[in-house]
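# Tertiary structure, described
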Amino acid sequence: FTVGINAPDLILSHTGYVSDNGEAWFAEIPSYSVGFSVGIMGDRYINEYLNLRISPTLNLGERKFVFKEQTSGKEYTARLRSNYLTVPLHLKFSASRIKNYRPYLLAGGYTAIDVGVQKDDALRFKSVDYGLEFGIGCNIYFPLFKLCPELKFSFGLVDLINQDRSDLTDKDMIKYTKAISSGKSRTISLIFNFE
């Protein structure tokens, strides 16, 4: 099984959108918020140095967005909590074992499905994300189990911002979605695998 913490981020591109009353809005993510992850792992031995690994994981996190109007300084804060079921598939490249340690590298891809998003009128995310992952780690051998701390970097390839906002009843809220042209996920994770 695996447990860990993560710091989700979103790389935003702005449109320069100006609302009907002349307000120019943009968004920023002022700080990282820490999320939690838990999952299970399956490993397929290929050879002494190479394994194929799948590790379905539930990632719980929150992203905070601050929308600002350029001239008046008005602000609106949106918080989106999301629970993603992430299914990564990695190739694990291991070095030779040195006493009770064996470092390794990871490379692969992932698919993430949002299984419980908290809705906010300002923004909506698409329910499916996919991307690439890279990481480093080390197997530490104990008498009864193996601990594998791992640092992983995830790069989303999907624009997560849902531009279709036909669900909005307050049409003034559309300015927040229109201010962002795209948003792609980036995540840094510190994972502890127990095998």
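Here, every reference points to the structure presented above.
Below you will find a few notes about this structure. (Residues numbered from 1 in each chain as written. Predicted model: local features only at pLDDT ≥ 70, side-chain atom pairs only at ≥ 80, totals over all residues. Heavy atoms only, no water.)

### A short note on the overall build of the protein chain
Scanning the protein chain from N- to C-terminus turns up one helix and eleven strands. For the protein chain, the α and β elements follow one another from N to C terminus as β-β-β-β-β-β-β-β-β-β-α-β. On the principal axes, the C-alpha backbone points of the protein chain span a range of 70 × 30 × 25 Å. Considering only contacts within the protein chain whose residues lie at least 6 apart along the sequence, 69% involve residues at least 24 apart. Carbon and sulfur atoms provide 61% of the accessible area of the protein chain, an area that totals close to 10,300 Å². Of note, the protein chain has its 23 positive side-chain charges centred 8 Å away from the centre of its 21 negative side-chain charges. (Helix = DSSP H or I, 4+ residues; strand = E, 2+ residues; numbered from the N terminus. Contact = heavy atoms within 4.5 Å. Areas by Shrake-Rupley, 256 points an atom, 1.4 Å probe, with all protein chains shown as cover. Lys, Arg positive; Asp, Glu negative; His and termini not counted. Charge placed at Lys NZ, Arg CZ, Asp CG, Glu CD.)

### Re the nonpolar core
Membership of the largest hydrophobic core comes to 22 residues, with the highest contact counts inside it found for L10, F65, F67, L123, F125 and I180. Among the secondary structure elements, those contributing two or more residues to this core are β1 (2-14), β2 (25-28), β6 (57-69), β7 (75-94) and β8 (101-114). Of the residues forming this core, the biggest block, three residues, is contributed by β7. Residues within four places of I180 in sequence aside, it is in contact with L12, S13, T15, A27, F67, L123, I161 and Q163. (Core = buried A, V, L, I, M, F, W, Y, C linked by side-chain atoms within 4.5 Å. Buried < 20%, exposed > 50% of the residue type's maximum accessible area, 1.4 Å probe, protein only.)

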